Amino acid sequence: MANKHPITECVQTHLQHYLDDLKGTAPSDVYQMVLEVVEKPMLEIVMRHAKDNQSLAAQYLGINRNTLHKKLVEHKLIK
């Protein structure tokens, strides 16, 4: 098996801790929760790295610039 990406290991470890902390309570909306807690900081860091250039940030992310703009608005990172 190939080495895991460090981000994968981080998500797995923290998600397992989250589920363990529920102590048997059924989780809900895990997919949406993970997307929300990962997407916003990812956008913030990539935008900072791209010096707030949305076209460049979209290129770094491998998404369309309009999609990036929509996500920045959704996360209240721009107006």
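These numbers were taken from a predicted model, which means no experiment stands behind them.

### Side note on the side chain of Q54
Move 1: Following the sequence through the fold, Q54 ends up in helix α3 (residues 54-61).
Move 2: In this structure, Q54 is in contact with M47, R65, L68, H69, L72 and I78, ignoring residues within four places of it in sequence.

### Brief notes about the side chain of E39
Move 1: Residue position: E39 is located in helix α2 (residues 30-49).
Move 2: Residue classification places E39 among the buried residues on the basis of a relative accessible area of 18%.
Move 3: Polar contacts involving the side chain of E39 include one to the side chain of K71, which spans 2.9 Å.
Move 4: With sequence-adjacent residues up to four places away left out, E39 is seen in contact with K71 and H75.

### Brief notes about a nonpolar patch on the surface
Move 1: On the surface, a cluster of nonpolar side chains totalling about 410 Å² of accessible area is made up of I7, V11, V37, V38 and M42.
Move 2: For the nonpolar patch, the secondary structure elements donating two or more residues are α1 (6-21) and α2.
Move 3: The biggest single contributor to the nonpolar patch is α2, with three residues.
Move 4: As for its placement among the helices and strands, I7 is situated in helix α1.
Move 5: Among the residues examined, I7 registers a relative accessible area of 55% and is labelled exposed.

### Quick notes on the pattern of salt bridges
Side chains carrying opposite charge are able to pair once their charged atoms draw close together.
Move 1: Per the stated rule, a full pass over the model turns up two salt bridges.
Move 2: Linking K71 and E39 is a salt bridge whose minimum nitrogen-to-oxygen distance equals 2.9 Å. With K71 in helix α4 (residues 65-74) and E39 in helix α2, this residue pair connects regions lying 32 residues apart in the sequence.
Move 3: Between E74 and K70 there is a salt bridge, and its shortest N-O distance comes to 4.0 Å. Of this pair, E74 and K70 both sit in helix α4, four residues apart, which is roughly one turn of the helix.

Rules behind the numbers
- Residues numbered from 1 in each chain as written.
- Predicted model: local features only at pLDDT ≥ 70, side-chain atom pairs only at ≥ 80, totals over all residues.
- Heavy atoms only, no water.
- Helix = DSSP H or I, 4+ residues; strand = E, 2+ residues; numbered from the N terminus.
- Contact = heavy atoms within 4.5 Å.
- Buried < 20%, exposed > 50% of the residue type's maximum accessible area, 1.4 Å probe, protein only.
- Polar contact = N/O pair within 3.5 Å; in protein donor to acceptor, adjacent residues only side chain to side chain.
- Patch = residues over 30% accessible without salt bridge, like charges linked within 9 Å, V, L, I, M, F, W, Y side chains within 5 Å.
- Areas by Shrake-Rupley, 256 points an atom, 1.4 Å probe, with all protein chains shown as cover.
- Salt bridge = Lys/Arg side-chain N within 4 Å of Asp/Glu carboxyl O.

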